[in-house]
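Residue-level listing of the chains:
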Amino acid sequence: DRSKKYLLLIRKAPDLDDKPLKEELIKLEDFDSKVWHSLEFAAYQRATMALGLKDESPVNLTRREKIISWLAGGLINQKEYYDKCVLKPGEKVEPSEVVPDSEDEKASV
């Protein structure tokens, strides 16, 4: 049922201005199930790896987050995350390869 409502909104989107589209999206999101906070940082790590980005401020998972992520089937190898996705001191990369560190940087991307 939820997916049908999102699909309908996707189909209507080209005909809507930004403000009505945003209002419709907010209405739909109000009834969505909330993501478990304990999986948020593990999902962040996975997305960073999947997109091939470098992270200026790496996310460190707590023991609890690692266990829950593992039980959910999504714990990535932490050594691989730090080796491939964490910006090392002095390492230079293209700006498009770096995960924004602050709200200001996110807004400018």
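Structure's up top.
Predicted model, so just to flag it, every value in this text is computed and none were measured.

J.: Report on the packing of aromatic side chains, specifying residues and quantitative values.
T.: Counted by the stated rule, this structure contains one aromatic pair. Ring geometry for Tyr81 and Tyr82: centres 5.1 Å apart, planes at 75°, overall edge-to-face. Judged by its relative accessible area of 27%, Tyr82 is partly exposed.

J.: So what's going on with the packing of helix H1 (residues 2-12) against helix H2 (residues 18-30)? Which residues, and what values?
T.: Across the interface, H1 lies against H2 with an axial gap of 11 Å and an inter-helix angle of 175°. One element, H1, and the other, H2, form an angle in the roughly antiparallel class. The segment H1 lies against H2, with Arg2, Lys5, Tyr6, Leu9 and Lys12 engaging Leu21, Glu24, Leu25, Leu28 and Glu29. Residues of the contact of H1 with H2, tallied by class, amount to five nonpolar, no polar and five charged.

Conventions we followed
- Residues numbered from 1 in each chain as written.
- Predicted model: local features only at pLDDT ≥ 70, side-chain atom pairs only at ≥ 80, totals over all residues.
- Heavy atoms only, no water.
- Phe/Tyr/Trp six-rings, centres within 6.5 Å; stacked < 30°, edge-to-face > 60°.
- Buried < 20%, exposed > 50% of the residue type's maximum accessible area, 1.4 Å probe, protein only.
- Axes fitted to C-alpha atoms, helices over the stretch in contact; angles between N-to-C directions.
- Helix = DSSP H or I, 4+ residues; strand = E, 2+ residues; numbered from the N terminus.
- Parallel < 35°, antiparallel > 145°, perpendicular 65-115°, else oblique.
- Contact = heavy atoms within 4.5 Å.
- Nonpolar A, V, L, I, M, F, W, Y, C, P; charged D, E, K, R; others polar.

By themselves these figures say nothing about function.
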